[in-house]
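Coordinate inspection notes
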Amino acid sequence: MSRRPSRGKAAIPAYVLDDQIGFILRQAYQKHAVLFVEYFGDDFTPTQWAAIAKLSEVGDCSQNLLGRLTAMDAATIKGVVDRLTKRGYIASSPSPTDRRRVLITLTAAGRKAYERCVGQALRVSVDTMARLKPRDRVALLRLLRQLG
């Protein structure tokens with residue numbers, strides 16, 4: 001890390017934006033987001049796809065749990081659930097074991113959408129990391145999981 005010249009005081013470490021983790025992650029995500037739009041168009045947003053993919057993976061669950069599993073806050077997951085419900089991809093119903101809980105379920109249309117789009121989603125991930133060697137892809141994902 002470079003330092004500014006001292007003027008009689010202790011040197012202050014230089015802050016170079018291009019070297020900061022948040023900036024680098026944002027740049028990588030921007031490239032990923034462009035690829036996502038190229039493959040998905042207007043079909044789904046990344047958060048909508050995350051909800052559909054997670055429901056396909058874990059099955060029915062509460063909206064609260066779905067939000068936690070997809071790293072979305074309560075307001076975001078509510079909006080995602082509302083939009084996907086309006087489009088017919090998910091449905092909600094009272095839990096048979098706890099009437100206070102609402103279960104979110106993929107509909108037949110939601111399952112078909114998952115099957116239709118999962119290959120595209122995999123391609124987005126592959127293309128996002130295309131510049132990396134296979135071992136570097138594995139290392140990057142491992143390191144990012146440690147940060148998350």
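Positions within a chain are numbered from 1, following the residues in the order the chain's sequence is written. Given that the model is predicted, a residue must reach a pLDDT of at least 70 before its local features are reported, and side-chain atom pairs must reach 80 or more before they are shown or counted; all residues, however, enter totals for whole chains, interfaces and linings. Hydrogens and water molecules were not included; the side-chain quantities draw on all heavy atoms of the structure.

**A look at unusual backbone geometry**
For residues other than glycine, phi is negative in most cases, and the peptide bonds are mostly trans. In this structure, Ala71 takes a positive phi of about 60° despite not being glycine. A run of DSSP states H or I qualifies as a helix once it reaches four residues; a run of E qualifies as a strand once it reaches two. Both are numbered from the N-terminal end. With respect to the helices, strands and loops of the structure, Ala71 is situated in the loop between α3 (63–69) and α4 (74–86). Taking the relative accessible area as the measure of exposure, Ala71 reaches 73% and is therefore exposed. The rule is simple: take the accessible area with a 1.4 Å probe, protein chains only, and divide by the maximum for that residue type; under 20% is buried, over 50% is exposed, in between is partly exposed.

**Some thoughts on the packing of helix α2 (residues 46–58) against α4**
Where helices are involved, their axes are fitted lines through C-alpha atoms of the stretch in contact, as for all axes, and angles between N-to-C directions lie from 0 to 180°. Axis separation between α2 and α4 bottoms out at 10 Å; the angle between their running directions is 75°. Comparing the axis directions of α2 and α4 gives the class roughly perpendicular. Across the interface between the two elements, Thr47, Gln48, Ala51 and Ile52 from α2 touch Val80, Arg83 and Leu84 from α4. Under the convention adopted here, Pro, Cys and the residues Ala, Val, Leu, Ile, Met, Phe, Trp and Tyr are nonpolar, Asp, Glu, Lys and Arg are charged, and Gly plus all remaining residues are polar. A per-class count over the contact of α2 with α4 returns four nonpolar, two polar and one charged. Geometric relationships in this document are graded by angle, where less than 35 degrees denotes roughly parallel, more than 145 denotes roughly antiparallel, 65 to 115 denotes roughly perpendicular, and other angles denote oblique. In this description, contact between two residues means that some pair of their heavy atoms is separated by no more than 4.5 Å.

**Re helix α5 (residues 108–128)**
In this model α5 runs 30 Å from its N-terminal to its C-terminal C-alpha over 21 residues, within 8% of the 30 Å that 1.5 Å per residue would give. Its axis deflected by about 45° at Cys117, α5 carries its strongest bend there. Along α5, the residues classified as buried are Gly110, Ala113, Cys117, Ala121 and Val124. Looking at the packing, one finds that the buried side of α5 touches α1 (21–40), α2 and β3 (102–106). In this scheme, a helix's expected span is set at 1.5 Å multiplied by one less than its residue total. Across the chain, bend at a residue is computed as the angle between axes fitted to the seven residues ending at that point and the seven starting from it.

**What to know about the confidence of the model for the protein chain**
Confidence scores per residue from the predictor, reported as pLDDT, run from 0 to 100. Of the residues in the protein chain, 95% have a pLDDT of 70 or more, and the chain-wide mean is 93. α2 holds the highest mean pLDDT among the elements of the protein chain, 98, whereas strand β2 (residues 90–94) holds the lowest, 94.

**Section: the sheet that holds β2**
Two strands qualify as a pair provided DSSP detects at least 2 bridges between them. Strands sit in the order β1-β3-β2 across an open sheet of three strands; the sheet is antiparallel. Of all strands in the sheet, those bounded by a partner on one side alone are β1 (61–62) and β2. Here β2 runs beside β3; their pairing, made up of five bridges, is antiparallel. Counted as the bridge partner of Ala91 is Thr105 from β3.

**Structural notes on the state of the cysteines**
By disulfide we mean two sulfur atoms from cysteines, separated by a distance within 2.5 Å. Counting across every chain of the model gives zero disulfides. No disulfide involves Cys117; its sulfur sits 19 Å from the nearest other cysteine sulfur, which is in Cys61. Given the relative accessible area of 0%, Cys117 is considered buried.

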